[in-house]
Amino acid sequence: MSALPNVVLVHGGWADGSSWSGVIERLQADGYHVTAPQFPMTTLAADVARLRQVLARQDGPTIVAGHSYGGQIMTALGTDAPNVVGLVYIAAFGAEDVIPARWVLQTMPAGGGTPRVAVPGYWGAFQSFAWLPEDDFVNHFAADVDPVKARVMFAVQQALSATALQEVMGVPAWKSVPSWYLVAADDQAIPPDAERLFAKRMGATTVEVPSSHVAMVSHPDDVATLIETAARSQAFAPEPALAKR
């Protein structure tokens, strides 16, 4: 078994496992075993069940990194997260106990910022699934990604269940697992102040990057570096010979 921990990457809504491609290339070059599965995005319970299936296939200690709603999936692992030794949040939700992620956005203090991404009916009716319109996706969700690439991402986006962010959960995993957080300072989907609030509540080691919501696409070096920082914090993970970036 490798001395390095495994890495499992959890995508969020309106994305899929391929959104981690740049990060995967960097981690694999440095010797990490990486898995970036597809999640159904139907209910929080179904997504957590998929994550548990993937974790069961890992041989040894594992770092889990989640983006956006993917952070809520790994948070909902709770106190039963076998072999998970670190959580890395990339512009991600990490609500506390029974507080739905949507509630955090609605109760941001003055000056917290308002998301530019707007899905028709998303914050109201909560019916069926929600897709992002092209303008919201290309110009706000992935604002600092090359437009050609952003339109490809738009074409393959995976719709999110319109009820996902209002689902409640138990004790969050970050209360018992060390956490790291990357704040996307130019995020137009989750207000950066909300991200800072998540990071502060979980006591996460925090970095900020001048990125849009999809930091793993536009800033893969920063994201990979934070994941490797989390991995090296564990006694079993020696300093790797980092590949040239």
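Preceding this paragraph is the structure being described.
Numbers given to residues run from 1 along each chain, matching the order in which its sequence is written. Only residues with pLDDT of at least 70 are given local features in this predicted model, and only at 80 or more are side-chain atom pairs given and counted; all residues enter the totals for whole chains, interfaces and linings. The side-chain values count all of the structure's non-hydrogen atoms but skip hydrogen atoms and water molecules.

**Q** Requested: an account of unusual backbone geometry, with residues and values cited.
**A** Positive phi outside glycine occurs at tryptophan 14, with the angle close to 65°. When you line up the elements, tryptophan 14 lands in the loop between strand S1 (6-10) and helix H1 (21-29). The residue alanine 91 is not glycine, and still its phi comes out positive at about 45°. The helix and strand labels rest on DSSP assignments: H or I over at least four residues marks a helix, E over at least two residues marks a strand, and numbering proceeds from the N terminus. Tracing the sequence through the fold places alanine 91 in the loop between strand S4 (84-90) and helix H4 (101-106). Each residue gets one of three labels from its accessible area relative to the maximum for its type: buried under 20%, exposed over 50%, partly exposed in between, using a 1.4 Å probe on protein chains only. Among the residues examined, alanine 91 registers a relative accessible area of 0% and is labelled buried.

**Q** So what's going on with the environment of glutamine 188? Residues and values would help.
**A** Mapping glutamine 188 onto the fold places it in the loop between strand S7 (179-184) and helix H7 (192-202). Taking the C-alpha atoms as reference points, glutamine 188 and valine 214, 26 residues apart in sequence, are found 10.0 Å from one another. Two N or O atoms form a polar contact when they lie within 3.5 Å of each other; inside protein one atom must be a possible hydrogen donor and the other a possible acceptor, and for residues adjacent in sequence the pair counts only when both atoms belong to side chains. Engagement of the side chain of glutamine 188 in a polar contact is seen with the side chain of histidine 140, the distance being 2.6 Å.

**Q** I'd love a proper account of the nonpolar core, names of residues and values included.
**A** A general tendency of soluble globular proteins is for nonpolar side chains to be buried together. Counting residues in each nonpolar core, the largest one holds 73 residues, and the members touching the most others are Leu51 and Ile227. Beyond its immediate chain neighbours, meaning those up to four positions away, isoleucine 227 contacts Val7, Leu9, Val23, Leu27, Ile63, Ala65 and Val88. Buried Ala, Val, Leu, Ile, Met, Phe, Trp, Tyr and Cys residues that are joined via side-chain atoms within 4.5 Å together make up what is termed a nonpolar core. Between two residues, a contact is recorded if the distance between any of their heavy atoms is within 4.5 Å.

**Q** Explain the pairing of S7 to me, using residue names and the numbers behind them.
**A** Across the six residues that make up S7, a large majority, six, are buried. Judged by which residues are buried, S7 turns out to be covered on both faces: Ser179, Tyr181 and Val183 on one side and Trp180, Leu182 and Ala184 on the other are all buried. In the sheet, S7 pairs with strand S8 (residues 205-209) via five bridges, with the strands oriented parallel. Bridging from a neighbouring strand, alanine 184 pairs with valine 209 of S8. Convention used here: a crossover is right-handed provided that the path from the first strand, over the helix, to the second strand proceeds clockwise when the strands point away from the viewer. In this fold, S7 hands off to H7, which returns the chain to S8; that crossover is right-handed. The criterion for strand pairing is that DSSP finds at least two bridges linking the strands in question.

**Q** Got a sec to walk through the side chain of serine 19? Specific residues and values, please.
**A** Looking at the element boundaries, serine 19 is found in the loop between S1 and H1. A polar atom in the side chain of serine 19 sits 2.7 Å from the backbone oxygen of aspartate 16. When residues no more than four places from it in sequence are discounted, the contact partners of serine 19 are His11, Met216 and Val217.

**Q** Can you lay out the packing of aromatic side chains for me, pointing to particular residues and giving the numbers?
**A** Under the pairing criterion, centres of Phe, Tyr and Trp rings, with the six-membered ring standing for Trp, must be within 6.5 Å; the plane angle then separates stacked pairs below 30 degrees from edge-to-face pairs above 60, leaving the rest tilted. Enumeration according to the criterion identifies five aromatic pairs in this entry. With 5.9 Å between their ring centres and 5° between their planes, tyrosine 89 and tyrosine 181 make a pair best called stacked. One end of the pair, tyrosine 89, is in strand S4; the other, tyrosine 181, is in strand S7, and 92 residues separate them in sequence. By the burial criterion, tyrosine 89 is buried, and tyrosine 181 matches it.

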